[in-house]
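# Structural characterization, general
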Amino acid sequence: MSKGTNYIIGVFDDEDVLMDAVGTLRSSGVKIQEAYTPFPVHGLDDALGYKPSNLPIAAFLFGLTGTICALLLTIGTMGFDWPMDIGGKPFIPLPHFIPVTFELTILLASLGMVATFLIISNLKPWGYEPFMFDGRSTDDKFLLVVDLDKNKLDKDALTNLFKQTGASEVNSKIVENH
Amino acid sequence: MQVTSPVRPPLVTGGKTVSDVTQDISRHVENKPTKLWILAFTLSLITLGYGSYCLWMTWWDGIGMWGLNKTIGWAWDITNFVWWVGIGHAGTLISAILLLFRQKWRTSINRAAEAMTIFAVICAASFIIAHMGRPWLAYWALPLPNAFGSLWVNFNSPLVWDVFAISTYFTVSLVFWYIGLVPDFATIRERATGIRRVVYGALSLGWDGSAKSWQRYEAVSLVLAGCSTPLVLSVHTIVSMDFATSVIPGWHATIFPPYFVAGAIFSGFAMVLTLMLITRVVFKLEDYITVEHMESMNKIIVLTGSIVGIAYLSEFFIAWYSDVPYESYTFINRAFGDDYWWAYWSMMTCNVISPQLFWFRTVRRSIAWTFLLSIVVNIGMWFERFVIIATSLSRDFLPSSWAYFSPTLYDIGDYLFTFGLFFTLFLLFAKFFPVVNMAEVKSIIKSSSAKKDTK
């Protein structure tokens, strides 16, 4: 028993009760390990004290890379590598390069951001099945998970606190350390 | 705890709880396919089989198998391509633009509409590849260095822009769709055992639904929607430039980009309605895809249909007002010439007159009328592209070159190929993937569900 980490899991039936519980628990000084929900609950990340995601910045940087690559490609090929005289028109007609530049900007921004998302969230199709505290959290239950060792309150006090905030069940789980 | 808005009708009827959503949607993935599904799938496969034979013959013997002649070098191939790409506009529009506008009714239909988009773009791409005549050289359209013995591609050409636009659109739509599927695959994984658990586990990418993951997921969805919104508008703009940047009377028009985009949304929404009205009955999803959804979409159809109608009239007016004899002749010939008047008036009837019926609330809310009109609209939109492409080409500058286009069996067979492909893919999707975005519908259950008596 001492090998694993002790977790207390509060199971909630309703997202508004969950939001209130997060507020109550955090103001009582409880450190919440993580919340698990079946759908994105608006404002939960703020309530848990998470910083806003930096993914949009990543998307911007990838998009900028796309813009630069597209301009290098179009200007480089049409203007320098093999300039073609088409009815005396300019070799580098920038307005004509807008569509390709735009598309490559979008393409790289989207793919780059999604790849970053998958990597930082450790989402991949092979190798493992994720550890689920309670499989019902992908159906209709909302979980609040508290690491017992990282909190001053003991198990009974936490269980009571969870019950007071409206949890329908309070479970404990010991997870072996990896 | 469920709250019903006094102003807005509920988006999900039948007093569904969050758990009901999981049950109702996952059931179709988990149960054995119904007889109706097997029948439809068989028919699709037969169509696909016959179409594949025709497409193979087109590839083997060349595009001389089509009814093209020296004057009319683009006909059904490009008509079908533009038609499918247009249909492929609704999915991303629904999931991206309606997400930015916070239109919650999109949640029940966005998944299927996006799937439809992806399959429609695949169908469109098959005509792009086929019309090249030598499909094994399709990679020549990519900007590869001239070690292949050719120059670089010409970045001044709208046809090259098209390669970038369509492939970007396909890729971004696919990624957007898949990211949305991940949490739902996790829901199915948690309900499954054995081999299904392994397969859906892999598909779910190990999603655990933690608040941190959801926060990132929402950030990704928002930025993808922001990227997709201009993208979806750019794609049909660029498709229209394939025509508009040429000097063919009837094609050379600055009105084309907005007119094509409106037409694309128009036909895409019609196709979504056709499919959703069938899907909701076959999969018993009447509580999720309601008459309210249908009415909202019909409103968009009447809006875009009217934009298309105004574009037709403006084109005609400008053809006269420009005082260019070739332009005027092309338009008079389209509408009143001996050859193609029937195509022109089919287009006008189906696209301009018929959607005006949606001004009536009873028509908008009638499933039978909507289903009928949704098909009529897509027939009309096919004729629109045919009218633009074939009639403009058929009267060349030299009367000795004037020609008429008659499709061969291979024109028809290649068109059937895309129908077979589209419905095969859609039926596979409907059987093995959750057809409604469960996570998103769950998020609106509380605010937009019909009140349950017991609570």
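Conventions and cut-offs
Residues numbered from 1 in each chain as written. Chains lettered and ligands numbered in written order. Predicted model: local features only at pLDDT ≥ 70, side-chain atom pairs only at ≥ 80, totals over all residues. Helix = DSSP H or I, 4+ residues; strand = E, 2+ residues; numbered from the N terminus. Rg over C-alpha atoms; globule rule 2.2 N^0.38 Å. Buried ≥ 20, exposed ≤ 12 C-beta atoms within 10 Å, placed from the backbone. Contact = placed C-beta atoms within 7 Å. Pairing = 2+ DSSP bridges. Axes fitted to C-alpha atoms, helices over the stretch in contact; angles between N-to-C directions. pLDDT = per-residue confidence, 0-100. Parallel < 35°, antiparallel > 145°, perpendicular 65-115°, else oblique. Left-handed = near helix turned anticlockwise from the far one by under 90°. Nonpolar A, V, L, I, M, F, W, Y, C, P; charged D, E, K, R; others polar. Core = buried A, V, L, I, M, F, W, Y, C linked by C-beta atoms within 7 Å. Domains from an automatic or database assignment. Arc of directions from axis to C-beta.

### Observations concerning the overall build of chain A
Assigned secondary structure in chain A consists of five helices and four strands. Sequence-ordered secondary structure for chain A, helices as α and strands as β, is β-α-β-α-α-α-β-α-β. Relative to a compact globule of 178 residues, whose C-alpha radius of gyration would be 16 Å, chain A shows 25 Å and is clearly more extended. In terms of its C-alpha atoms, chain A occupies a principal-axis envelope of roughly 85 × 35 × 30 Å. Burial statistics for chain A: of 178 residues in total, 36% are counted as buried. Residue pairs in contact within chain A that sit at least 24 positions apart in sequence constitute 80% of those at least 6 positions apart.

### Regarding the pairing of strand β1 (residues 5–12) of chain A
Residue and element names in this part refer to chain A. Where β1 meets strand β4 (residues 169–175), seven bridges bridge the pair, whose relative direction is antiparallel. Residue pairing across strands places Ile8 opposite Ser172, the latter belonging to β4. Strand direction decides the pairing type here: β1 and strand β3 (residues 142–147), joined by six bridges, are antiparallel. For Tyr7, the partnering residue across the bridge sits in β3 and is Asp147.

### Considerations on the sheet that holds β1(A)
Residues and elements named next belong to chain A. Taken in spatial order, the four strands line up as β2-β3-β1-β4 in an open sheet, and their pairing is antiparallel. Where the open sheet ends on each side, the last strands, each with one partner, are β2 (34–36) and β4. Here the average twist between neighbouring strands, direction ignored, is 25°. Docked against the sheet, helix α1 (residues 15–27) engages β1, β2 and β3, running at close to 20° with respect to β3.

### Digging into the confidence of the model for chain B
For any part of a model where pLDDT is low, the fine detail of the predicted coordinates should not be relied upon. Residue and element names in this part refer to chain B. Predicted confidence across chain B gives a mean pLDDT of 87, with 95% of residues reaching 70 or more. Contacts of residues 451–455 to residues separated by more than four positions or lying in other chains number seven contacts, the stretch itself having pLDDT below 50. Our summary of model confidence lists the complex with pTM equal to 0.90 and ipTM equal to 0.90.

### Let's talk about the packing of helix α3 (residues 76–87) of chain B against helix α14 (residues 367–394) of chain B
Residues and elements named next belong to chain B. α14 packs onto α3 with a crossing angle of 140° between their chain directions and a minimal axis gap of 9 Å. Our classification of the angle between α3 and α14 gives oblique. Once α3 is placed against α14, the crossing between them reads as right-handed. Across the interface between the two elements, Ile78, Thr79, Val82, Trp83 and Gly86 of α3 pack against Met381, Trp382, Arg385, Phe386 and Ile389 of α14. Looking at the contact of α3 with α14, its residues break down into seven nonpolar, two polar and one charged.

### What about the nonpolar core?
In this structure, Met113(A), Ala90(B), Met116(B), Phe269(B) and Val272(B) are the most contacted members of the largest nonpolar core, which totals 181 residues. The greatest single-element share of this core, amounting to 16 residues, is contributed by helix α8 (residues 211–244) of chain B. Residue contributions to this core reach at least three from each of two domains, namely domain 1 (5–52 + 134–175) and domain 2 (55–120) of chain A. Among all residues touching Met116(B), those that are not within four sequence positions of it are Ala90(B), Gly91(B), Met271(B), Val272(B), Leu275(B) and Phe426(B).

### Brief notes about helix α5 (residues 155–164) of chain A
Residue and element names in this part refer to chain A. For α5, the full list of buried residues reads Leu158, Leu161 and Phe162. What you see down the axis of α5 is that its buried residues fit within an arc of 100°, all on one side. Those residues of α5 that are exposed and aimed more than 90 degrees away from the buried face are Asp156, Asn160 and Gln164. Buried residues in α5 make contact with β1, α1, β3 and β4. The positive-phi residue at the C-terminal boundary of α5 is Gly166, with phi of around 105°.

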